[in-house]
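# Descriptive analysis of the structure
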Number of protein chains: 2
Amino acid sequence: MSHEPKTYDLIVIGGGPAGLNGVTTACILGKSVALVDRHHELGGAGANTGTVPSKTLRETAVALSGLRSRDLYGVDLSIRREATVSDFLRHERTVKSGLNAMFAQQLDAFHAEVFFGDASFVDPHTVHVRTIPKSQAQDQHKADAARDNGELSIRGENILIATGSSPVRPAMFPYGPGVYDSDTLLDLVNLPRTMAVVGAGTIGSEYACTFAALGTKVYLIDSRDVLMSFLDSEISRALVTEMERNGIVFHWKERAVSCTMNEPAVPGNPGQFTLKLSSGQELTVDEVLVSVGRHSNTESLNLPAVGVRIGGHGLISVDSSFQTNVPHIYAAGDVIGFPALASTSMEQARRAVRHAFGMGVYTGTPQLLPHGIWTIPEIGMVGETEDSLKAKGIAYVAGRASYADNARGRICGDTHGFLKLLFRLPDLELLGAHIMGEQATDVVHIGMMAILAQAGARMFDETCFNLPTLGALYKMAAFDAMLNAERTAGIPAAHVLK
Amino acid sequence: MSHEPKTYDLIVIGGGPAGLNGVTTACILGKSVALVDRHHELGGAGANTGTVPSKTLRETAVALSGLRSRDLYGVDLSIRREATVSDFLRHERTVKSGLNAMFAQQLDAFHAEVFFGDASFVDPHTVHVRTIPKSQAQDQHKADAARDNGELSIRGENILIATGSSPVRPAMFPYGPGVYDSDTLLDLVNLPRTMAVVGAGTIGSEYACTFAALGTKVYLIDSRDVLMSFLDSEISRALVTEMERNGIVFHWKERAVSCTMNEPAVPGNPGQFTLKLSSGQELTVDEVLVSVGRHSNTESLNLPAVGVRIGGHGLISVDSSFQTNVPHIYAAGDVIGFPALASTSMEQARRAVRHAFGMGVYTGTPQLLPHGIWTIPEIGMVGETEDSLKAKGIAYVAGRASYADNARGRICGDTHGFLKLLFRLPDLELLGAHIMGEQATDVVHIGMMAILAQAGARMFDETCFNLPTLGALYKMAAFDAMLNAERTAGIPAAHVLK
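About the thresholds
- Residues numbered from 1 in each chain as written.
- Chains lettered and ligands numbered in written order.
- Predicted model: local features only at pLDDT ≥ 70, side-chain atom pairs only at ≥ 80, totals over all residues.
- Heavy atoms only, no water.
- Helix = DSSP H or I, 4+ residues; strand = E, 2+ residues; numbered from the N terminus.
- Rg over C-alpha atoms; globule rule 2.2 N^0.38 Å.
- Buried < 20%, exposed > 50% of the residue type's maximum accessible area, 1.4 Å probe, protein only.
- Contact = heavy atoms within 4.5 Å.
- Lys, Arg positive; Asp, Glu negative; His and termini not counted.
- Charge placed at Lys NZ, Arg CZ, Asp CG, Glu CD.
- Pairing = 2+ DSSP bridges.
- Axes fitted to C-alpha atoms, helices over the stretch in contact; angles between N-to-C directions.
- Parallel < 35°, antiparallel > 145°, perpendicular 65-115°, else oblique.
- Left-handed = near helix turned anticlockwise from the far one by under 90°.
- Nonpolar A, V, L, I, M, F, W, Y, C, P; charged D, E, K, R; others polar.
- Domains from an automatic or database assignment.
- Buried area = accessible area lost by both parts, 1.4 Å probe.
- Salt bridge = Lys/Arg side-chain N within 4 Å of Asp/Glu carboxyl O.
- Polar contact = N/O pair within 3.5 Å; in protein donor to acceptor, adjacent residues only side chain to side chain.
- Expected span 1.5 Å × (residues − 1).
- Phe/Tyr/Trp six-rings, centres within 6.5 Å; stacked < 30°, edge-to-face > 60°.
- Lys NZ or Arg CZ within 6 Å of the ring centre and 35° of its normal.
- Least-squares fit on C-alpha atoms with pLDDT ≥ 70 in both.

## Side note on the overall build of chain A
Scanning chain A for helices and strands turns up 12 helices and 21 strands. In terms of overall dimensions, chain A is globule-like: its C-alpha atoms have a radius of gyration of 25 Å, near the 23 Å expected for 498 residues. Projected onto its principal axes, the C-alpha coordinates of chain A cover approximately 80 × 65 × 45 Å. When each of the 498 residues of chain A is scored for burial, the buried share is 60%. Considering only contacts within chain A whose residues lie at least 6 apart along the sequence, 64% involve residues at least 24 apart. Averaging the locations of the 42 positively and 52 negatively charged side chains of chain A gives two centres separated by 2 Å.

Shown next, in the form of structure tokens:
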């Protein structure tokens, strides 16, 4: 530790979606980059505990349980009773390790230096790394990439903090086998017969749907009485109906007040857990998932030493270039808070790094953010909701199209899905697109493109879509909106401007 | 037949995608409409023998054969040996009869009159209908909708011809059990072990892929040496590679010169067929599909009596409003030829009918037509190909993104798929999008929207896509194109206009 620390154009702390994109963006600009990650598994929550694994497990669950196929092929594809949790997670592990390897190759190809360890600031340009010994690495075969054990310091002209967030863990829960947060859930060994999910946010709702599809009886507990209130309220209500149809039991306006482990019926077997709710009701279940929010990972960074300002909930404050109050220190991703999606985190990091090197083309997080929710059925949304339009006093007309009226919807057996488009009156420019149903998270991008291009009902009405596809729902919904605009606002189709 | 024929604002001949859309468009405009269809099953080739059934059977085949799942879930979902052809077709029949019922309900709700029978012109405004007795109806439970047997005449202020097309049936083939065209293929009883497909157009290629996925050894014979030459040539070559990987054997630059049925090995069993090819090679197979083109259904209409002009290949000639040379007689769909897709046929009929009633907003078939090919893997394309850009002398740059580098691609197990985008130099406006891989026929609509809006690389680069989705491939491909534009044409990202 006596020699001068090596200096890089950029140090990135955290190897999740934001951090990795920060590294590759700088490398493409020809800069020298060091990445510090504590996990020995690149990809962060995006690849390892959050976005990708939950979606992968969901795909596996949907396929194995035959939800897509039941009543569909005249052949029983319903859930294999002999399937083990290991079967369900095998594909998840394949995808995860494939992504880990891909990220490692990318960093290698870009000649980025990678340090596996904990980072903390020594001064505004110097980061101290306590490398994590291989023996403590979470995943042995990844540990080969680990540097020699010990301590070192590195120097960065610029530094990007992308350390992400962790689940909030209320102290009342006896975490361990049977009681999980979203980071530890995939450690489960047995497929539970019954499960309580505390918190019906995106993560809680997605896992509730996945486990319900695997045959688990799921109780979903939330302190509110609206499911994901950022959704268009018609979609939110329709999703509740579908989740109930899939066997999920909602406990609205309830909080968990205690969670205790029961004596196992057979000594040596795992015991069940009893949750007491605020209403006094008790639920006894095999397993519990606590999903009540996330907090930024900033504690161990020693930020006070460099004067980086922290806002509410431990979030790092940044400007529209993702610069902190210390100009050469940037932050991106979950660590700066909303919207905390892998997609936005990646884009934020790109913008931060381009700005740091004077190559800034765009600033800010894009205003128009699509949302994808991998519940069963899927949800896709972009732009305004009916509620947000009413709040802004913008006159609008809605157009709807049902999966049941679409040949592709019938082919894939999704008869409850629908697309709702919201157009501004009187010109019928598209302002919002909301979809519940198969492929919704991807199909919503068709609407996003139209909104970005300030296009409207006429563009959909004039064009052809492949048949049979779900994209054709847009044409049908736009036409429905044009009929509604004529009926309710007296605007004939020939007078529609957009 | 002595009383005056009943007069309608519109008579539509043919109940396929074009005809049905013609009917509903007129009904929405408040017009009286009669529909004449010879099939007793509404929906035409789109719902009954072509578009939808082939796609439905494909979905079933892909799901049952476990192509999506093999190596994916750690559980054997591969083809059930005990599955019968009836199993494969059950879902197809469910979708078909669901669509038939939906169309019938729509017509009922709109108070359109439906005559099941053969139509022929008596004079330019009078159509003679020879109704088909119920006993001859293809599907007994649909036959209730049939009118009383016999003959009648109806009169139309306007007439839309939408009688579609039929497979060309070269005389050399002994059609019957074992030798099919695309209209009769779904009558097959046994799943063939070996199959020859004559003609590698869209229909032949799609069925070749479906049967290969069901475990049939497929030989695909074509007189050319390029697969679907309208595709971007890189996509065409990649598709050949994937089809060969799935076991399909191509016989390029070959024609069938004879096809004979062999004596069955066991008396009473079906015999095999021996195809002799132009090179002299012989193929002996269980079943043969002949898919060498389609011709318009105009013979029985008695068009000479009204002077409607017929062009080459029996196609009815129309102008950009789909008007024939007889002003009140329109034609739309397969009967007028290229592109002969369900999507374009529907739109043509809408435009024809709106024009007929002085409500024309748009004319012509939309210039920008997406193509969807339901091979395995799927193909989506829209706009220019590299070859068409070269032919037009337009400078361009390509950007590519691989499914293997996309988390969604990894989740769905598609590692050979890719998206290729073609941008005009120097402004990087998007001119073409080409995709091979899962969901390609839908994902291509994202690119279509961008092309319609005259947007380009910058719009994709600036925005966020849901993750993990296939839509995110656009952002990656656009960025790749921007790097290529800088490298090969010296255009830095900051100077990209679109």
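## Remarks on the pairing of strand β3 (residues 113-123) of chain A
Residue and element names in this part refer to chain A. Within β3, eight of the 11 residues are buried, which leaves the element mostly enclosed by the surrounding structure. Relative to β3, strand β2 (residues 33-37) runs parallel, the two being bridged by four bridges. The residue bridging D37 from the neighbouring strand is F116, located in β3. Pairing between β3 and strand β4 (residues 126-131): six bridges, direction antiparallel. Note on β4: the bridge partner recorded for A119 is V129. Joining the antiparallel neighbours β3 and β4 is a turn of two residues.

## As for the packing of helix α3 (residues 51-65) of chain A against helix α5 (residues 202-213) of chain A
All names here are of chain A. Look at α3 against α5: their axes get within 8 Å of each other, and the N-to-C directions meet at 25°. Between α3 and α5, the crossing angle belongs to the class labelled roughly parallel. Here α3 and α5 pass one another in a crossing that is left-handed. From α3, S54, K55, L57, R58, A61 and S65 reach across to α5, where they touch E206, Y207, T210, F211 and A213. Of the residues that constitute the contact of α3 with α5, the class distribution is five nonpolar, three polar and three charged.

## Here's the deal with the sheet that holds strand β12 (residues 273-277) of chain B
All names here are of chain B. Pairing is antiparallel in the open sheet, where three strands are placed in the order β11-β12-β13. Each having just a single partner strand, β11 (256-261) and β13 (282-285) make up the two edges of the open sheet. Mean inter-strand twist for the sheet, computed between neighbouring axes without regard to direction, equals 20°. Of the strand pairs in this sheet, β11 and β12 are connected by five bridges, and their pairing is antiparallel. Each bridged residue has a counterpart across the sheet, and for M261 the counterpart in β12 is F273.

## Observations regarding the domain arrangement of chain A
According to the domain assignment, chain A consists of domain 1 (6-49 + 90-166 + 295-356), domain 2 (169-290) and domain 3 (377-497). For domain 1 of chain A versus domain 2 of chain A, the separation of C-alpha centres amounts to 32 Å.

## Observations concerning the interface of chain B and chain A
Counting residues at the interface gives 75 residues for chain B and 75 residues for chain A. Summing both sides of the interface, chain B and chain A together bury roughly 6,700 Å²; the carbon and sulfur share of this comes to 64%. Put simply, chain B and chain A have eight salt bridges between them. We note a salt bridge from E59 of chain B to R408 of chain A, for which the minimum N-O separation is 3.1 Å. Linking chain B to chain A there are 24 residue pairs in polar contact (both at pLDDT 80 or more).

## Quick look at the side chain of H328 of chain B
All names here are of chain B. Looking at where H328 falls in the secondary structure, it is placed in the loop between β15 (294-296) and β16 (329-331). Residue classification places H328 among the buried residues on the basis of a relative accessible area of 14%. For H328, the contacting residues outside a window of four places in its chain are P124, H125, E157, N158 and I159.

## Let's talk about the pattern of salt bridges
All told, the structure shown has 56 salt bridges over all chains when counted by the stated rule. A salt bridge links E234 of chain B to R400 of chain B, with the shortest nitrogen-to-oxygen separation between them at 3.0 Å. Placement of E234 of chain B in helix α6 (residues 233-245) and of R400 of chain B in strand β19 (residues 396-402) is noted, with a sequence separation of 166 residues between them. Overall, the relative accessible area of 35% leaves R400 of chain B in the partly exposed class. Notably, a salt bridge pairs R351 of chain B with E347 of chain B, separated by 2.8 Å at the nearest N-O pair. Taken together, the residues R351 of chain B and E347 of chain B, both in helix α7 (residues 342-356) and four residues apart, mark about one turn of the helix. Residues participating in the shared-partner salt-bridge network are E347, R350, R351 and R354 of chain A together with D461 and K475 of chain B.

## Details of the sheet that holds strand β13 (residues 282-285) of chain A
Adjacent strands of a sheet pair through backbone hydrogen bonds, lying either parallel or antiparallel. Residues and elements named next belong to chain A. The antiparallel open sheet is built from three strands, whose spatial order is β11-β12-β13. Each edge of the open sheet carries a strand with a single partner, namely β11 (256-261) and β13. The mean angle between the axes of side-by-side strands here comes to 20°, regardless of whether they run parallel or antiparallel. Bridging between strand β12 (residues 273-277) and β13 involves four bridges; their strand directions are antiparallel. Residue pairing across strands places F273 opposite V285, the latter belonging to β13.

## Quick look at helix α10 (residues 440-452) of chain B
Residue and element names in this part refer to chain B. Counted at 1.5 Å a residue, the expected span for α10 with its 13 residues is 18 Å, and the 18 Å between its end C-alpha atoms agrees. Where burial is concerned, most of α10 is hidden: 12 out of the 13 residues are buried. Those residues of α10 that fall on the buried side of the exposure criterion are A440, T441, D442, V443, V444, H445, I446, G447, M448, M449, A450 and I451. Note on α10: the residue one or two positions beyond its end, Q454, has a positive phi of about 55°.

## Some remarks on the packing of aromatic side chains
Residue and element names in this part refer to chain A. Here the structure, examined in full by the defined rule, presents 10 aromatic pairs over all chains. Of the aromatic side chains, those joined through ring pairs into one cluster are F460, F465 and Y474. Over the aromatic face of Y175 sits the side chain of R169, whose NZ or CZ is 4.0 Å from the ring centroid.

## Looking at the relation of the copies chain B and chain A
Once chain B has been moved 0.0 Å along the axis and rotated by 180°, it coincides with chain A to within an RMSD of 0.0 Å. Read as a symmetry element, the transformation amounts to a two-fold axis. Measuring from the rotation axis to each C-alpha of chain B, the shortest distance belongs to I446 of chain B, at 2.3 Å. Counting the interface residues of chain B, we find that 100% of their copies in chain A are interface residues as well, pointing to one common contact surface.

## Some words on the environment of S97 of chain A
Looking at the element boundaries, S97 of chain A is found in helix α4 (residues 85-109). Considered as a pair, S97 of chain A and N48 of chain A are 49 residues apart in the sequence and their alpha carbons are 8.8 Å apart.

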